[in-house]
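Each chain, letter by letter, is given below.
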Amino acid sequence: WCLFSAFAKKPKTQEAEEGSSVVFTAETEKPDAKVKWQCNSKDIASGNRYVIAADGNKHSLSIQAITKEDATVYAVIAGGSKVKFELKVVSKPDGQPPDTRQDLTGLFTERPQSGEVTVGGNITFVAKVNAESLLKKPTIKWFKGKWMDLASKSGKHLQLKETYDRNSKVYTFEMQVIAAKANFAGGYRCEVSSRDKFDSCNFELTVHGELDRNIFVFHSVICSFVQDSGELDFSALLKKSSSEPDVDVWDILSAAPASEYQKIAFQYGITDLRGMLKRLKKMKKEEKKSEAFLKKLDPAYQVTKGHKIKLAIEVANPDVDVKWLKNGQEIHPTGRLEMREEMETIHLSPTRHARKLFMFLTCLRVIFSGKLHRYCHIYIIKNIKCYRPSSRYIFESVGNMRYLTINHCSLSDDAAYSCVVGEEKCTTELFVKEPPIQIVKNLEDQMVMKGERVELECEVSEEGANVKWEKDGVELTRDESFKYRFKKDGCKHVLIINEATKEDCGHYKVKTNGGESVAELLVQEKELEVYQSIADLTVKAKDQAVFKCEVSDENVRGTWYKNGVEVKSDTRINITHIGRIHKLTIDEVKPEDEGDYTFVPDGHAFNLSAKLNFLVNLYLNNFSLSCLPVFLEVKIDYVPRQDPPKIHLDCMGRTAESTIVVVAGNKLRLDVPITGDPAPTVIWTKGEKIVLDRIIFDQGDGRVHVETTKGHCVFTIEGAERQDEGVYSVVVRNPAGEDTADINVKVVDVPDPPLAVRVVSVGEESCIVQWDPPLYDGGQPIIGYVLERKKKKSYRWMRLNFDPYPETTYEAKRMIEGVAYEMRVYAVNGIGMSRHSLSSHPFVPVAPTSEPIGLCVDDISDTCISLKWRRPERIGSAELEGYGVEYCKEGTDEWLPATEGLTDRTALTIRGLTTGDKLQFRVRAHNMAGPSAPATLAQPVTIREIMQRPKIWLPRNLRQTLIRKVGDTVNLVIPFQGKPRPQVTWSKEGEPLKPPFASVRNSEVDTILFIRKTDRQHSGKYDLQVQIENVEDTASVMLQVVDLPGPPEALKIMDVWGFNVALEWKPPKDNGNCEISGYTIQKADKKTMEWFTVYEQYRRTNCVVSDLIMGNEYVFRVYAINLVGLSQDPCNTKDSLILIPSPASIAYKPPSHKDHDFSEAPKFTHPLVNRSVIAGYNATLSCSVRGIPKPKVTWYKNKMDISNEAKYRMLSKQGVLTLEIRKPCLFDGGVYTCKAVNASGEDIVECKLEVRQEAEA
């Protein structure tokens, strides 16, 4: 039996604006049915605001001037049917525009939107992803269509960019289309993924044609139309459009690809897209077999730029001609266009040479109108365009095969290609993949002086490639001052900086779509060189004194000083600066001009000094001349007396003040004044070596010479060396006596190179270098050191300091993290700079990672604690070596390591702690640069286990009967909670489980019930108990082990008539521990014994087998079927059946039987189930009942009839009874009873409903 509704059309829930009106309509099955309308279970009568109308079986309820109070539940009642519906009231808009923002789901915070662009224009699509909750940087992919990845298409027309905002932690991804083409239009897809998270969105790009050109053509057509007809008459156009034949849209859709369905539906006004797709699916689309092609082109091809590709087809007729098209334009077997400078005149007659004339004009692409004269003179002028064969396109024909080979594919070859044979055409699409541009030669670090020209050069793998230059992360462009110039020379790319300044220092980077290279530029101030220094002057009175010097920079100015006082120009003193030469001229020198003169260049910390000496004149009066005074210079010669030899030296002795210092490599010249009469002989000695007059002192290379002249003895060493250092003695003798003097000579040199250069520590962009002083300081104290560095793979060294650094430890900065460097050091003393030291071992600047994030306590007990954290946000270029975990007691600063060494996991359990201690914990990440900043817990943790009630979390699939086949494995994992560790007990029907029967494994968080091979005896109820002291929690699992059923029993032939036989059997004794779902009946002819199935999944235990052949002998058998399958053995008939043709057997005899009483007392086939619900959420109670005639159903709560209560809704459909309780409260709990009554009897079923309060968050 079934329950029918009294309504043919039910009212539906509606939404209306405040102040408007709404109409609810309903249709009843019977036109004379009585209809009643209700609002909140109260009847509604017609009045000012409610209008109730009825027209036959159509009924309506109108509500006027809707207010907020009208938003409630309404109902319409007809007979025994009641239908509820709602009215939703929305407020009037207050002038604000509606919120059209797209719902943000998944990973995207901003999705790329569809856009439009004209041919040649630019458009950018933007997608944003919030990475605050992501553990890994998101990966994004851009696609065109379904499968074409746009990452390989990045280049001239497509650029992909990515930026990251550290403050908002938002990644911004951009896809920029540059100089759009018509074939760029279509559907695009953006996909973003991060580990187990994924999101995607689709958008469209529409490319319009050139608007200005279309307007111009349309304007020309209109003007010509007006000139011909004088006025615009669009009626002709309307007639023409109306006379066009109707188009069958379904023929177009059946032949179109699936990607064009939406476009065609929009064009022809189809709005039901789902219905259209269903109809297309039902239509059998028969693919027409091609008559011209045996093998067509593949749907798409892909080739790398610069390579070649071969397109092949197979035609049915080997003699047929084919045409190849590119974007609809025919590809001619011609090559590049050339200019030929010739002058020819051809005389052609239209009648005699019509064919040649037509072919000639076609080849030259000549288009003209009018009539040909009898003779046509065609002049081929200079620079005629003609085509010469090229190897770009190669056409081949081999038997039935036709080939098109495209050599040296470029981006212009990315197009749609078609092959046309007669009226048939096959099309494919060729995608040209642009290979990534690699940097073959990297940039080199450079150090230049201020004002010099800088050229940073790199070399890429392909000519004409686009590169991007950056300085300290900022892209460089051609500015108005032309400071930066970019030069391309084949594969070489050069960045040129004219007149470098200090602001140009920094890291320069060149980027391609396949790599990048970084170099550092250092700009130093120029050192001013002195080409000519000023010299000491000795001048006479009234003479001119000129001080002159020359420096390297002609733009440098300077100041002259006399005895520290600035010299000013006047009538007698003149200061000039011409080019690199600076002069100070003093006319008519006076005694007061004598002094020390100094020239100081502006902006440089050094000066040039010289001395002006005034020569004194003697004034004598020459009385033989006129009375005017005459100035005479008188020279007085001193004639010594005869005396013993004498050495006149101021530097005798071995004190530091009397030591003569000479720089190694320079000439040592000792000029010793001597006196004596007669002239003495001179002997030079150094140690045991003696040098006589004019005899070489060192016989090795002739570097030492001794020369004696009148009054002087000169000792010379060419190119002094270290071994020349020592005490030299000079002895002079004559008959009157002798004299001796010692001269201490010290040879100074540049120092030896520093020793043991080593890098003691590194940072993100710096390192600390140490070295040992040189063994030999060159005889002069070490002023300082100069350092240089270079990249490991480079040959160019860069100086780090220009002023000597006095210490032996230096911090080098401004290095690139992750790049290997080498260091070397020079020692500097007062003489000069030493040779460079040996290079240090290569090192890589790295920085410690950022601190680990998300440190928290995962678990805690009386003696141990479990911590967990996440990887640092910034790892850097060095690999993460592990994590160090430390702890300390509250009130102390002594941090103790929790483990020996580092751990590579992001979780750690620390054991062996003292119960009750209050400890603070921290975690630091380690790499080759050292430990990171620590991540510390917000507050100390007390080591003590926290009591937690036992709770079993029974999985959803175990809350219903678990069915397994015999021989299957059962592995039940049931998690639970509780602290301390609870005691777990498994039992089956009150008996504890033993290992041979089932295995149980318990852990701290779950328990496992394992049965290796199930049997029928394993079926039953399994109880799980989790207990901590006196608190426990239990759960039950029902296990049903099923097997194949046994064979049916007592298969008999009950009756035979005509071509039919009636069979009957009994169900099997063994149903396999589950319900018998049906039977399979088979028949077989005894001659062949081939079995044929008559019925499958037959539910009854009797059947009629028809369509038997008269005269044949048959046997029958029956299989039983359950959830597992067919029974292993069938039940066969004992005797065979032979159909004997006889009129009596063919004649139908109606059976005689008594009328069957179909009445049946009500019986609940599915009872009510006890339920526990949350207050405020709708609840339903369901059961099923059968009975003939249809029983009357009554619901009770606590034995009280609730049929007329508005809070309850009773539903009945096909014997399924449902009681809906709307938003129950705590008072709705109790015992609910369902009673079914008919003439044959009654039945009752009841359940208990528990309503609990919603738990607070």
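Residues numbered from 1 in each chain as written. Predicted model: local features only at pLDDT ≥ 70, side-chain atom pairs only at ≥ 80, totals over all residues. Heavy atoms only, no water.

Digging into the overall build of the chain
- Of regular secondary structure, the chain possesses 7 helices and 101 strands.
- In the chain, 62% of the contacts between residues at least 6 apart in sequence involve partners at least 24 apart. (Helix = DSSP H or I, 4+ residues; strand = E, 2+ residues; numbered from the N terminus. Contact = heavy atoms within 4.5 Å.)

Regarding the packing of aromatic side chains
- Scanning the model with the defined rule gives 22 aromatic pairs in all.
- Ring geometry for Trp869 versus Tyr883: centroids 5.6 Å apart, planes at 70°, classification edge-to-face. With a gap of 14 residues between them, Trp869 in strand β68 (residues 865–870) and Tyr883 in strand β69 (residues 882–889) connect regions that are remote in the sequence. Accessibility assignment for this pair places Trp869 and Tyr883 in one class, buried.
- Three or more aromatic residues link up through ring pairs in this structure, and these residues are Phe24, Trp37, Tyr74 and Phe85.
- Above the face of the Trp797 ring, Arg824 is positioned so that its terminal group lies 4.1 Å from the ring centre.
- Seen from the ring of Tyr1022, Lys988 lies directly overhead, with NZ or CZ sitting 5.9 Å from the centre. (Phe/Tyr/Trp six-rings, centres within 6.5 Å; stacked < 30°, edge-to-face > 60°. Buried < 20%, exposed > 50% of the residue type's maximum accessible area, 1.4 Å probe, protein only. Lys NZ or Arg CZ within 6 Å of the ring centre and 35° of its normal.)

What to know about the pattern of salt bridges
- Summed over the entire model, instances satisfying the criterion amount to 41 salt bridges.
- Arg814 is the salt-bridge partner of Glu520, the closest N and O atoms lying 4.0 Å from each other. With a gap of 294 residues between them, Glu520 in strand β40 (residues 515–524) and Arg814 in the loop between β65 (809–812) and β66 (821–829) connect regions that are remote in the sequence.
- Exposure remark for Glu520: the relative accessible area of 2% places this residue in the buried category.
- A salt bridge links Arg1209 to Glu1220; the shortest N-O distance between them is 3.6 Å. Here the residue Arg1209 occupies a position in strand β98 (residues 1208–1213), and Glu1220 occupies one in strand β99 (residues 1216–1221), the gap between them amounting to 11 residues.
- Via salt bridges that share partners, Lys326, Arg392 and Asp413 belong to a single interconnected network. (Salt bridge = Lys/Arg side-chain N within 4 Å of Asp/Glu carboxyl O.)

Some details on the environment of Glu765
- Examined against the element boundaries, Glu765 turns out to sit in the loop between β61 (755–762) and β62 (767–772).
- Judged by relative accessible area, which is 45%, Glu765 ranks as partly exposed.
- For the pair formed by Glu765 and Pro845, sequence separation is 80 residues and the distance between their alpha carbons is 5.7 Å.
- When neighbours within four sequence positions are excluded, Glu765 is seen to be in contact with Ala812, Lys813, Arg814, Met815 and Pro845.

Concerning the confidence of the model for the chain
- Taken residue by residue, the chain gives an average pLDDT of 80. The fraction at 70 or more is 83%.
- Here residues 95–105 scores under 50 on pLDDT; set against residues more than four positions off or in separate chains, the count is 7 contacts.
- Across residues 211–245, where pLDDT falls below 50, the model places 8 contacts with residues more than four positions away in sequence or in other chains. (pLDDT = per-residue confidence, 0-100.)

Side note on the pairing of β98
- Inspection of the sheet shows β98 paired to β99 by 6 bridges, in the antiparallel sense. Bridge pairing in β99 links Met1210 to Leu1219. (Pairing = 2+ DSSP bridges.)

Some words on the side chain of Ser1127
- Note on placement: Ser1127 falls in the loop between β90 (1113–1121) and β91 (1131–1132).
- Excluding residues that lie within four positions of it along the chain, Ser1127 makes contacts with Pro1045, Gly1046, Pro1047, Pro1048, Tyr1119 and Ala1120.

Concerning the sheet that holds strand β33 (residues 446–449)
- Strand order in the open sheet formed by 5 strands is β33-β40-β39-β35-β36, and the pairing between neighbours is mixed. The open sheet terminates on both sides in strands that have one partner only, identified here as β33 and β36 (474–475).
- Taken together, the 4 bridges between strand β35 (residues 468–471) and strand β39 (residues 506–512) define a ladder with antiparallel strand orientation. Of the residues in β39, the one forming a bridge with Glu470 is Lys509.

Side note on the pairing of strand β7 (residues 58–63)
- Most of β7 sits inside the fold, with 5 of its 6 residues counted as buried.
- Bridging between strand β3 (residues 22–28) and β7 involves 6 bridges; their strand directions are antiparallel. Of the residues in β7, the one forming a bridge with Phe24 is Leu61.
- Bridging between strand β6 (residues 50–55) and β7 involves 6 bridges; their strand directions are antiparallel. The residue bridging Tyr50 from the neighbouring strand is Ile63, located in β7.
- Adjacent in sequence and paired antiparallel, β6 and β7 are bridged by 2 residues, among which Gly56 carries a positive phi angle near 70°.

Side note on the sheet that holds β61
- Strand order in this open sheet of 3 strands is β61-β62-β65, and the pairing throughout is antiparallel. Of all strands in the sheet, those with a lone pairing partner are β61 and β65, marking the two edges. Strand-to-strand twist of the sheet, defined as the mean angle between neighbouring strand axes without regard to direction, takes the value 25°.
- Pairing geometry for β62 and β65, over 4 bridges, is antiparallel. Directly across from Gln770, in β65, lies its bridge partner Thr809. (Axes fitted to C-alpha atoms, helices over the stretch in contact; angles between N-to-C directions.)

Points about unusual backbone geometry
- Between Lys979 and the following residue, Pro980, the backbone shows a cis peptide bond with an omega angle of -5°.
- Looking at where Pro980 falls in the secondary structure, it is placed in the loop between β78 (970–979) and β79 (983–988).
- With an omega of -5°, the peptide bond running from Ile1188 to Pro1189 counts as cis.
- Here Pro1189 lies in the loop between β95 (1179–1188) and β96 (1192–1197).
- One non-glycine residue with positive phi stands out, namely Lys169, at about 55°.
- Within the fold, Lys169 resides in the loop between β15 (158–165) and β16 (170–177).

Things to note about the side chain of Arg824
- By secondary structure assignment, the location of Arg824 is in strand β66.
- Side chain to side chain, Arg824 and Glu788 meet in a polar contact 2.9 Å long.
- Side-chain polar atoms of Arg824 contact the side chain of Tyr826, separated by 3.2 Å.
- If we ignore the near neighbours within four places in the chain, the residues touching Arg824 are Val786, Leu787, Glu788, Trp797, His836, Ser837 and Ser839. (Polar contact = N/O pair within 3.5 Å; in protein donor to acceptor, adjacent residues only side chain to side chain.)

A word on the state of the cysteines
- Here the structure, examined in full by the defined rule, presents 0 disulfides.
- This cysteine, Cys426, is not joined by any disulfide, and Cys419 carries the nearest cysteine sulfur, 5.0 Å off.
- The thiol of Cys1247 is not disulfide-bonded; the next cysteine sulfur, from Cys1183, is found 8.5 Å away. (Disulfide = S-S within 2.5 Å.)

Re the environment of Arg195
- Locating Arg195 in the fold gives a position in the loop between β17 (186–194) and β18 (197–208).
- Given a relative accessible area of 59%, Arg195 falls into the exposed group.
- Dropping the residues within four chain positions of it, Arg195 is found in contact with Leu135 and Lys136.

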